[in-house]
Amino acid sequence: MRFIDPHIHMTSRTTDDYAAMQKAGIVAIIEPAFWLGQPRTELGSFKDYYSSLIGWERFRASQFGIKHYCTIGLNSKEANNEALAEEVMELLPLFICKEGVVGVGEIGYDDQTAAEDKYYRLQLDLAKEANLPVQIHTPHRDKKAGTIRSMEVALEHKLNPHMVIVDHNNEETVRDVLERGFWAAFTIYPNTKMGNERMVEIVKQYGSERIIVNSAADWGISDPLAVPKTASLMLEQGISIDDIHKVCYQNALDSFGQSGQMKESDWMDNTSIDQSQKLFNNSILRGGQLPTIGEIRTNPIFDSNIIR
Ligand SMILES: [Zn+2]
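Residues numbered from 1 in each chain as written. Predicted model: local features only at pLDDT ≥ 70, side-chain atom pairs only at ≥ 80, totals over all residues. Heavy atoms only, no water.

(A) Representation of the overall build of the protein chain within the structure. Each helix and strand in the protein chain was counted, giving 11 helices and 8 strands. The C-alpha radius of gyration of the protein chain comes to 19 Å, within 12% of the 19 Å expected for a compact globule of 308 residues. Principal-axis analysis of the C-alpha atoms gives the protein chain an extent of 55 × 50 × 35 Å. Looking at the protein chain as a whole, 52% of its 308 residues are labelled buried. In the protein chain, of all internal contacts separated by at least 6 residues, the share reaching a separation of at least 24 is 73%. As displayed, the protein chain offers around 13,800 Å² of accessible surface, 49% of which is attributable to carbon and sulfur atoms. (Helix = DSSP H or I, 4+ residues; strand = E, 2+ residues; numbered from the N terminus. Rg over C-alpha atoms; globule rule 2.2 N^0.38 Å. Buried < 20%, exposed > 50% of the residue type's maximum accessible area, 1.4 Å probe, protein only. Contact = heavy atoms within 4.5 Å. Areas by Shrake-Rupley, 256 points an atom, 1.4 Å probe, with all protein chains shown as cover.)

Take a look at the structure:
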């Protein structure tokens, strides 16, 4: 089975993760722009971060046979530094039209402050103007009210709900999101947002229409295999292959594919792996390491204690 993880922060992950993801059937991923665990202090660090999402990280994924896309935006936490947020807003139009950018994201509310509201609205307008999908991060505190507010503001700004992916849903929010015609994404993140047993129950109850599963794996204690593991659990628990295919692959492609930047042929026609490739004269290989050409192996660290 093939999978797409439409929300994963690979700049925080290792080559072992890439190898394991490819082995588990992940063919494409979307990396939303987010905060780095500590606030940035300069415009330049946003610029370099966005550049790495469309450059080096995309290349690194390709060296493991995974197609990498991203969404570009100003995250809600850092919207609260208004002086810097103003400068970032000027940078965004330059990046959202780059190759492989499938939306504006992840944007929305964190503490639901006035500044967050202001930059959320400005970015909705930007997405609408560029005709790009929007990837919404819903707040972890006051989740239900924050999720409803995120959708109401999107509608106020005349966005088509079919262009908006509302992320980090749970049992409390799913009905509201689906009823309003938005895409409902679920993050399977250990011990916090959603466990995958709960995800199985949601698909049993609501079906597979407009429901999307992701890992949101990042620098925290998270699981880059959350999508294939959830698919496997669904299969065990009697969910049909068709429904699993929709929530773990097709719906992500149909929603973000509306950008015109993401097509199945991107990975179907191009599955060869050649780690001798370079970007900006740099490869993922160090010193005398030999490139893998063809099939990826998981890190040999798991086979032996000897490191050569
Ligand atoms: Zn995220």
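Back to the text.
(B) Broad picture of the pairing of strand β5 (residues 134–137). Neither face of β5 is open: one carries V134 and I136, the other Q135 and H137, and all of them are buried. Bridge analysis of strand β4 (residues 101–108) against β5 gives 4 bridges, and the strand direction is parallel. Across the sheet, residue G108 finds its bridge partner in β5, namely H137. At this point the chain moves from β4, through helix α5 (residues 114–130), to the parallel β5, and the crossover so formed is right-handed. With respect to chirality, the unit in which β5 leads through helix α6 (residues 143–156) into the neighbouring parallel strand β6 (residues 164–167) is right-handed. (Pairing = 2+ DSSP bridges. Right-handed = clockwise from strand over helix to strand, strands pointing away.)

(C) Molecular detail of the side chain of E57. Position of E57 relative to the elements: it lies in helix α3 (residues 56–62). Owing to a relative accessible area of 5%, E57 belongs among the buried residues under this scheme. One polar contact links E57 to R60, side chain to side chain, over a distance of 3.0 Å. (Polar contact = N/O pair within 3.5 Å; in protein donor to acceptor, adjacent residues only side chain to side chain.)

(D) Focus on the coordination of the zinc ion. Binding of the zinc ion to the protein goes through H7 (NE2), H9 (NE2) and E106 (OE), at separations of 2.1 to 2.2 Å. Considered as a linear motif, the donors of the zinc ion on their single chain read H-x1-H-x96-E. Here H7 is found in the loop between β1 (3–5) and α1 (15–23), whereas its partner E106 is found in strand β4, with 99 residues between them in sequence. The two residues H7 and E106 agree in class, both being buried. (Donors = N, O, S within 2.8 Å, 3.2 Å for Na, K, Ca; no water.)

(E) The sheet that holds strand β7 (residues 183–187), seen in detail. Spatial strand order, β1-β2-β3-β4-β5-β6-β7-β8: 8 strands in an open sheet with parallel pairing. Strands with a single pairing partner mark the edges of an open sheet, and in this sheet they are β1 and β8 (211–214). Taken pair by pair, the neighbouring strands of this sheet meet at an average axis angle of 25°, ignoring direction. Both β5 and β6 contribute to a ladder of 4 bridges, which runs parallel. Across the sheet, residue I136 finds its bridge partner in β6, namely V166. Together, β1, β2 (26–32) and β8 form the strand contacts of helix α9 (residues 226–236), whose direction differs from that of β1 by roughly 130°. Strands β1, β2, β3 (67–72), β4, β5, β6, β7 and β8 of the sheet are contacted by helix α10 (residues 241–256), whose axis makes an angle of about 110° with β8. (Axes fitted to C-alpha atoms, helices over the stretch in contact; angles between N-to-C directions.)

(F) Representation of unusual backbone geometry in the model. Residue G105 is joined to E106 through a cis peptide bond whose omega torsion reads -15°. Within the chain, Q112 stands out as a residue other than glycine whose phi angle is a positive 60°.

(G) Seen up close, the pattern of salt bridges. Taken as a whole and assessed by the stated rule, the structure comprises 20 salt bridges. The salt bridge involving K118 is made with E86; its shortest N-O contact spans 3.2 Å. Here E86 lies in helix α4 (residues 82–96) and K118 lies in helix α5, a separation of 32 residues in the sequence. For K204, the salt bridge goes to E201, with nearest N and O atoms at 3.7 Å. Here K204 pairs with E201, and both are found in helix α8 (residues 196–206), just 3 residues apart, close to one helical turn. On the basis of relative accessible area, E201 is assigned to the partly exposed category, the value being 43%. (Salt bridge = Lys/Arg side-chain N within 4 Å of Asp/Glu carboxyl O.)

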